[in-house]
Amino acid sequence: MSADQNGVRSVPKGGMLYGEYLMLDPLLSCVEPVTRSLGKEVHDEHLFIITHQAYELWFKQILFELDSVRDLLNKKNVSESNMLVITSRLNRVVLILKLLVDQVSILETMTPLEFMEFRNYLSPASGFQSVQFRLLENKLGVKNELRVNYGKNHYINIFQDPKIINLIKKSEEEPSLCDLIQRWLERTPGLQEEDFNFWEQFKNVVTSMLNEQNKNAEAENDPSIREQMINDVKQKVKTFDTIFDETIHNGLITRGERRFSHKALQGALMISLYRDEPRFNQPFHVLTSLMDIDSLITKWRSNHVQMVLRMIGSHQMGTGGSAGYQYLRSTLSDRYKVFVDLFNLSTFLISKEYLPLLTPKMKKKLSTLTQKQDSDEE
Ligand code: HEM
């Protein structure tokens, strides 16, 4: 297969055969166990290489989908017709990640003894040097300052090639999926004061709901149950204050416990509460997929850590120079969850009986796709 000076392949006139189209010759020739070249082939190294290569191919596909979704979201207004594309591409990422989580078990069929036979030859190579994995984390929105340093090293120090360092830095600087989702959520219809003013209405109904619960608690005859009920309500008031009081919310962002802006959080809550309204159906699916993506990456991290424990135990350093199992275990924390606020929304959901009724105007707004909204797209 020939290519021009820009690396763009040329398509032969007579068409292509399967192997040519997929460039299988160069692709498959990349599976070359080091132990084979050294004349002391270890059978399982073949699987080890294929597994890593398959991961990298799927990472490439995920990045491709993420870039396209970020492009679609990086507009002043996101048209409803693009929402379907965004939803299906995010769902595709979810399905790929499911596959990647399951794939760990195939590599686990390798025994630690077999691994030991070739591990020394691959050092200092390590998944820690996977550029695509770092791009994926950054493009999703993993925050630099929330990362666990390995040894005393920042993750970027492992890379030496200036081109790669630039690529990773660029991925840190450009708007991540998390940033773009926030901008989109901040524009949720119904948040504006002159509109439905969801936040004011939500605060009012929560306040009366908690007052009612407090009254019920105080009316309880049994003193110990009464005390517990009153304390429960006090606790709920405190919890709701963390979203009603913007200063508390911003403090939690500084501590890395929340990520979303105050307005974006309101949008996400409104979509979750009114997800049955037609115009909120797709956005609700988007929020669900984002949580799935976060959960699945955490599951992958967890499966990978368990595999590492099985292969090298808990006290051996990784080939990349980290503390191995101990380092990887620390990456399971919520600091690596990008959409942590979406998970926490469940704390603030209220039952339908308390939900502020939509005004007829708002109901209409959420019921159909108007021509104006569709032409708003840039
Ligand atoms: C026998 C199997 C494996 C072992 C024993 C292993 C071991 C390790 C260790 C010890 C680290 C920590 C960095 C270091 O010091 O090297 C690491 C990081 C990593 N590994 Fe693996 N690994 C295995 C398979 C895989 C596979 C199949 C992938 C798929 C791409 C992978 C991707 C990664 C990534 C992305 C990191 C960086 C994680 C982070 O920093 O959060 N590993 N691995």
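Engineer: Looking at this structure, how should I read the overall build of the protein chain?
Structural biologist: Check the secondary structure of the protein chain and you find 18 helices and zero strands. With respect to the principal axes defined by its C-alpha atoms, the protein chain has extents near 80 × 60 × 35 Å. Expressed as a percentage of its 378 residues, the buried residues of the protein chain come to 41%. Pairs at least 24 residues apart make up 74% of the contacts formed inside the protein chain by residues separated by at least 6 positions. In the protein chain, 46 side chains carry a positive charge and 49 a negative one; their mean positions are 2 Å apart.

Engineer: Looking at this structure, how should I read the site of the ligand?
Structural biologist: Close to the ligand lie 27 residues, the nearest being Ser126, Arg134, His304, Ser322 and Tyr327. One of the side-chain nitrogen or oxygen atoms of Ser126 is found 2.7 Å away from an oxygen atom of the ligand. In this structure, an oxygen atom belonging to the ligand sits 2.7 Å away from a side-chain N or O atom of Ser322. Broken down by element, the shell around the ligand gets its largest block of residues, six residues, from helix α14 (residues 278-312). Across the shell around the ligand, the residue classes tally to 14 nonpolar, eleven polar and two charged.

Engineer: What am I meant to see in the packing of helix α4 (residues 45-73) against helix α7 (residues 131-140) here?
Structural biologist: When two helices pack together, their arrangement is given by the angle between their axes and by how far apart the axes lie. The geometry of α4 relative to α7 is characterised by a closest axis approach of 10 Å and an angle of 25 degrees between their N-to-C directions. In terms of orientation, α4 and α7 fall into the roughly parallel class. As α4 runs across α7, the sense of the crossing is left-handed. Facing α4, whose interface residues are Glu56, Phe59, Lys60, Ile62, Leu63, Leu66, Asp67 and Arg70, α7 presents Gln132, Phe133, Leu135, Leu136, Lys139 and Leu140. Residues of the contact of α4 with α7, tallied by class, amount to eight nonpolar, one polar and five charged.

Engineer: For this particular structure, what's the right way to read helix α11 (residues 223-244)?
Structural biologist: Note that an α-helix has 3.6 residues per turn; residues three or four places apart therefore point the same way. Compared with an ideal rise of 1.5 Å per residue, which puts 22 residues at 32 Å, α11 spans 31 Å between its outermost C-alpha atoms and is within 8% of the ideal. Among the residues making up α11, those that are buried are Val233, Phe240, Thr242, Ile243 and Phe244. Looking at the buried positions of α11, the neighbouring elements they touch are α10 (198-218), α12 (246-254) and α13 (262-273). Its side-chain oxygen placed 3.0 Å from the backbone nitrogen of Ser224, Asp222 serves as the N-cap of α11.

Engineer: For this particular structure, what's the right way to read the nonpolar core?
Structural biologist: Generally speaking, soluble globular proteins have nonpolar side chains that are buried together. Counting 93 residues, the largest nonpolar core has Leu177, Ile181, Phe198, Phe202, Phe240 and Ile350 as the members making the most contacts within it. Ranked by residue count, the leading element in this core is α14, at 13 residues. Every residue in contact with Ile350, bar those within four places of it in the chain, is listed here: Phe202, Val205, Val206, Met209, Phe240, Leu273 and Leu355.

Engineer: Would you mind showing me how to read the pattern of salt bridges here?
Structural biologist: Pairing is possible between side chains that carry opposite charge, provided their charged atoms lie close to one another. Counting across every chain of the model gives 18 salt bridges. The closest approach of N and O atoms between Arg92 and Glu65, which form a salt bridge, is 2.8 Å. Here Arg92, found in helix α5 (residues 80-107), pairs with Glu65, found in helix α4; they are 27 residues apart in sequence, far enough to count as distant. When the shortest N-O distance is used, the salt bridge between Glu200 and Lys203 registers 3.7 Å. Of the two residues, Glu200 and Lys203 are both situated in helix α10; the distance of three residues between them amounts to about one turn of the helix.

Engineer: Explain empty space enclosed by the protein here, please?
Structural biologist: In this approach a probe as big as a water molecule rolls over the atoms, and the regions it shows empty are the leftover space. With the rule as written, the count across this model stands at three cavities of 30 Å³ or more. Approximately 90 Å³ is the volume found for the largest cavity. Taken together, 14 residues line the largest cavity, and the ones lying closest to its centre are Asp294, Ile297, Thr298, Arg301 and Tyr336. Elements that contribute at least two residues to the lining of the largest cavity include exactly α7 and α14. Broken down by element, the lining of the largest cavity gets its largest block of residues, four residues, from α14. Of the residues that constitute the lining of the largest cavity, the class distribution is seven nonpolar, three polar and four charged. For the second largest cavity, the calculated volume is near 60 Å³. Surrounding the second largest cavity, Phe59, Leu97, Leu100, Phe133, Leu136, Ile297 and Trp300 form its lining. Looking at the lining of the second largest cavity, the elements that each hand over two or more residues are α5, α7 and α14. Of the residues assigned to the lining of the second largest cavity, the class counts are seven nonpolar, no polar and no charged.

Engineer: What is the right way to look at the layout of surface pockets in this model?
Structural biologist: Roughly 1200 Å³ of volume is contained in the largest pocket. Contributing to the lining of the largest pocket are 43 residues, with His52, Ser126, Gly127, Phe128 and His304 lying nearest its centre. Put simply, the parts of the chain that give the lining of the largest pocket at least two residues each are α4, α5, α6 (112-122), α7, α14 and α15 (325-330). In terms of residue class, the lining of the largest pocket is made up of 23 nonpolar, 14 polar and six charged.

Engineer: Looking at this structure, how should I read unusual backbone geometry?
Structural biologist: It is generally the case that most residues other than glycine have a negative phi and that most peptide bonds are trans. Omega for the bond connecting Ser123 with Pro124 falls within 30 degrees of zero, at 5 degrees, which places this linkage in the cis form. Tracing the sequence through the fold places Pro124 in the loop between α6 and α7. In this model, Met23 sits at a positive phi of 50 degrees, which is unusual for a non-glycine residue. Locating Met23 in the fold gives a position in the loop between α1 (18-21) and α2 (24-28). The class of Met23 is partly exposed, set by a relative accessible area of 33%. A positive phi angle is found at Asn197, which is not glycine, with a value near 55 degrees. Along the chain, the position of Asn197 falls in the loop between α9 (177-186) and α10. Of the residues examined, Asn197 reaches a relative accessible area of 18% and is grouped as buried.

Rules of the game
- Residues numbered from 1 in each chain as written.
- Predicted model: local features only at pLDDT ≥ 70, side-chain atom pairs only at ≥ 80, totals over all residues.
- Heavy atoms only, no water.
- Helix = DSSP H or I, 4+ residues; strand = E, 2+ residues; numbered from the N terminus.
- Buried < 20%, exposed > 50% of the residue type's maximum accessible area, 1.4 Å probe, protein only.
- Contact = heavy atoms within 4.5 Å.
- Lys, Arg positive; Asp, Glu negative; His and termini not counted.
- Charge placed at Lys NZ, Arg CZ, Asp CG, Glu CD.
- Near = heavy atom within 4 Å.
- Polar contact = N/O pair within 3.5 Å; in protein donor to acceptor, adjacent residues only side chain to side chain.
- Nonpolar A, V, L, I, M, F, W, Y, C, P; charged D, E, K, R; others polar.
- Axes fitted to C-alpha atoms, helices over the stretch in contact; angles between N-to-C directions.
- Parallel < 35°, antiparallel > 145°, perpendicular 65-115°, else oblique.
- Left-handed = near helix turned anticlockwise from the far one by under 90°.
- Expected span 1.5 Å × (residues − 1).
- Core = buried A, V, L, I, M, F, W, Y, C linked by side-chain atoms within 4.5 Å.
- Salt bridge = Lys/Arg side-chain N within 4 Å of Asp/Glu carboxyl O.
- 1 Å grid on protein atoms, 1.4 Å probe; cavity = no way out; pocket = protein on both sides within 12 Å on 5 of 7 lines; lining within 4 Å.
- Points joined across faces, edges and corners; volume = space filled by probe spheres on them.

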